[in-house]
Amino acid sequence: MTDSNLSADALKGRPYDDITGVLVLSDGSVFWGYGFGSAGDTIGEVCFNTSITGYQEILTDPSYAGQIITFTFPHIGNVGANSEDVEAGKPAARGLIIREEITAPASYRSDEHFAGWVEKNDLIGISGLDTRSITRRIKDKGALTGVIAHNPNGDFDITALYNKAIGWAGLEGMDLAKDVTCTNPRDWNSTLWSIGNGFGTLEAQKAHIVAVDYGAKDNILRCLSEAGAKVTVVSATTPFDEIMKYKPDGFFLSNGPGDPAATGDYALPIIKQMIETGLPIFGICLGHQLLALAFGGKTYKMHQGHRGANHPVKDLRTGKVEITSMNHGFSVDGDSLPENVKISHISLFDKTVCGIEIADKPIFSVQQHPEASPGPQDSFYLFEQFMDNVQKHKVT
């Protein structure tokens, strides 16, 4: 390892006496700031998210495993934290970078200060950084590995942190679904949240769906139940024969982290067997990418990825434009898809593939997150479309 990309100024150490945090990127750049949350250091792919709300949901989204999130919105923490705005039992992100110091919460739904929530969940954060500069760096150079370090004493070995950053393998070729999938099957019947009532419970069951958990967000499962599905959640490595013992009316392939090609080593044989049943299939995010791979398509690592709640997606079937939430660093290669796989949605930012449907089968998938409500509900129809497919093909 070498520290040749580190500047002389970076090696001098912290510029101010009260500095307690530092971000060291694999290109040799160093950003000084103020650590919060747990002390120590954490490594991951540094990405940026443009959402102005939902920081708790973002940090607990299993799709963020292996990543450090730079929030471009400066006022992170302003609505505090609560026990309802989470997408999994614990945060999946490895750390967070913010511009302003976390402020006191100003929301009737807040249960605790966000800084306390970060510390309680063993996350490492750093504030006081020029997040615009970091975002531009990622935009220009692509995904960078970074290390956040937090030391209340302000002592840091910059060379060691840099060597750790350049020594990390990165997300390409990395299977992370096995790290975030459930360990045991579970039944899910919770429905969407409403003011004054909290989360509801499934009452009128229309069909039984088996959801393969590659890192599923809880709100996706709630949306399935809201549409009338009794959901059984199984792990990413559950054999096909075990899945079929639940006698499903359809299959759902969840979101998740990592390289879809790596996850595909064990996921694709199972998905191909699902396809052979003729039952409806719906995939989101990683599930979308895996479905494309199962039909012979390819995926690739994106330059900077799509992460935010303001991404316009066009439904090519109707011409409708939806405002969507996205979180992905890999994409389906549209040119690699066979003739029977039709592109149904595209990103209006860069024309990347955001949806596919199979011409001769009740199977479709999308890259965006229709459960995340950024539009606020522009894409909820996808859950209804899936359940309509299930009803049409249900064996009575």
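See the structure shown above.
Owing to the predicted nature of the structure, the values given are computational and were not obtained by experimental measurement. (Residues numbered from 1 in each chain as written. Predicted model: local features only at pLDDT ≥ 70, side-chain atom pairs only at ≥ 80, totals over all residues. Heavy atoms only, no water.)

Caption draft 1: Quick look at the layout of surface pockets. Within this model, the largest pocket holds a volume of roughly 1,100 Å³. Looking at the largest pocket, it is lined by 44 residues, and the ones nearest its centre are Gly54, Glu57, Asp85, Ala372 and Ser373. At 4 residues, helix H2 (residues 55-60) tops the list of elements feeding residues into the lining of the largest pocket. Here the residues of the lining of the largest pocket are counted per class, giving 17 nonpolar, 18 polar and 9 charged. One number sums up the size of the second largest pocket: a volume of about 330 Å³. Looking at the lining of the second largest pocket, its residues break down into 9 nonpolar, 4 polar and 3 charged. (1 Å grid on protein atoms, 1.4 Å probe; cavity = no way out; pocket = protein on both sides within 12 Å on 5 of 7 lines; lining within 4 Å. Points joined across faces, edges and corners; volume = space filled by probe spheres on them. Helix = DSSP H or I, 4+ residues; strand = E, 2+ residues; numbered from the N terminus. Nonpolar A, V, L, I, M, F, W, Y, C, P; charged D, E, K, R; others polar.)

Caption draft 2: Main features of the sheet that holds strand S11 (residues 207-213). Read from one edge to the other, the open sheet built from 10 strands follows the order S8-S12-S11-S13-S14-S19-S18-S17-S15-S16, with strand pairing classed as mixed. Strand pairing shows two members of the sheet lacking a second neighbour, strand S8 (186-188) and strand S16 (321-333), which therefore form its edges. For this sheet the average axis-to-axis angle between neighbouring strands, irrespective of direction, equals 20 degrees. The pairing of strand S15 (residues 298-315) with S16 spans 11 bridges and is antiparallel. Bridged to His311 within S16 is Thr324. (Pairing = 2+ DSSP bridges. Axes fitted to C-alpha atoms, helices over the stretch in contact; angles between N-to-C directions.)

Caption draft 3: Layout of empty space enclosed by the protein. Applying the stated rule across the entire model yields 3 cavities of 30 Å³ or more. Taken together, 14 residues line the largest cavity, and the ones lying closest to its centre are Gly256, Gly258, His328, Gly329 and Phe330. At the level of secondary structure, the elements contributing two or more residues to the lining of the largest cavity comprise helix H10 (286-294) and S16. Considering every element that reaches the lining of the largest cavity, the biggest residue donor is S16, with 4 residues.

Caption draft 4: Expanded view of helix H5 (residues 158-167). Every buried residue of H5 is accounted for by Ile158, Leu161, Tyr162 and Ala165. End-on view of H5: buried residues confined to an arc of 100 degrees, all on one side of the axis. Buried residues along H5 sit against helix H1 (8-11), strand S1 (21-25), strand S2 (30-37), strand S3 (40-49) and strand S7 (144-150). Sitting at the head of H5, Asp157 places a side-chain oxygen 3.3 Å from the backbone nitrogen of Thr159. (Buried < 20%, exposed > 50% of the residue type's maximum accessible area, 1.4 Å probe, protein only. Arc of directions from axis to C-beta. Contact = heavy atoms within 4.5 Å. Polar contact = N/O pair within 3.5 Å; in protein donor to acceptor, adjacent residues only side chain to side chain.)

Caption draft 5: Molecular detail of the environment of Arg137. Within the secondary structure, Arg137 sits in helix H4 (residues 131-141). The sequence separation of Arg137 and Ser29 amounts to 108 residues, and the corresponding C-alpha distance is 9.7 Å. Dropping the residues within four chain positions of it, Arg137 is found in contact with Leu25, Asp27, Ser29, Phe31, Gly142 and Leu144.

Caption draft 6: View of the packing of helix H9 (residues 260-277) against H10. Two elements in contact, H9 and H10, have axes separated by 8 Å at closest approach and are oriented at 70 degrees. The orientation of H9 relative to H10 falls into the category roughly perpendicular. Like other packed secondary-structure pairs, H9 and H10 cross with a definite hand, here right-handed. Residue-level contacts link Pro260, Ala261, Thr263, Gly264, Ala267, Leu268, Ile271, Lys272 and Ile275 of H9 to Leu286, Gln289, Leu290, Leu291, Leu293 and Ala294 of H10. The residue makeup of the contact of H9 with H10, split by class, is 11 nonpolar, 3 polar and 1 charged. (Parallel < 35°, antiparallel > 145°, perpendicular 65-115°, else oblique. Left-handed = near helix turned anticlockwise from the far one by under 90°.)

Caption draft 7: Looking closely at the sheet that holds strand S4 (residues 67-71). The sheet built from 7 strands closes into a barrel, its strands ordered S1-S2-S6-S5-S4-S3-S7 with mixed pairing. Adjacent strand axes in the sheet meet at a mean angle of 35 degrees, parallel and antiparallel pairs treated alike. H5 rests against S1, S2, S3 and S7 of the sheet, and its axis sits at about 45 degrees to S1.

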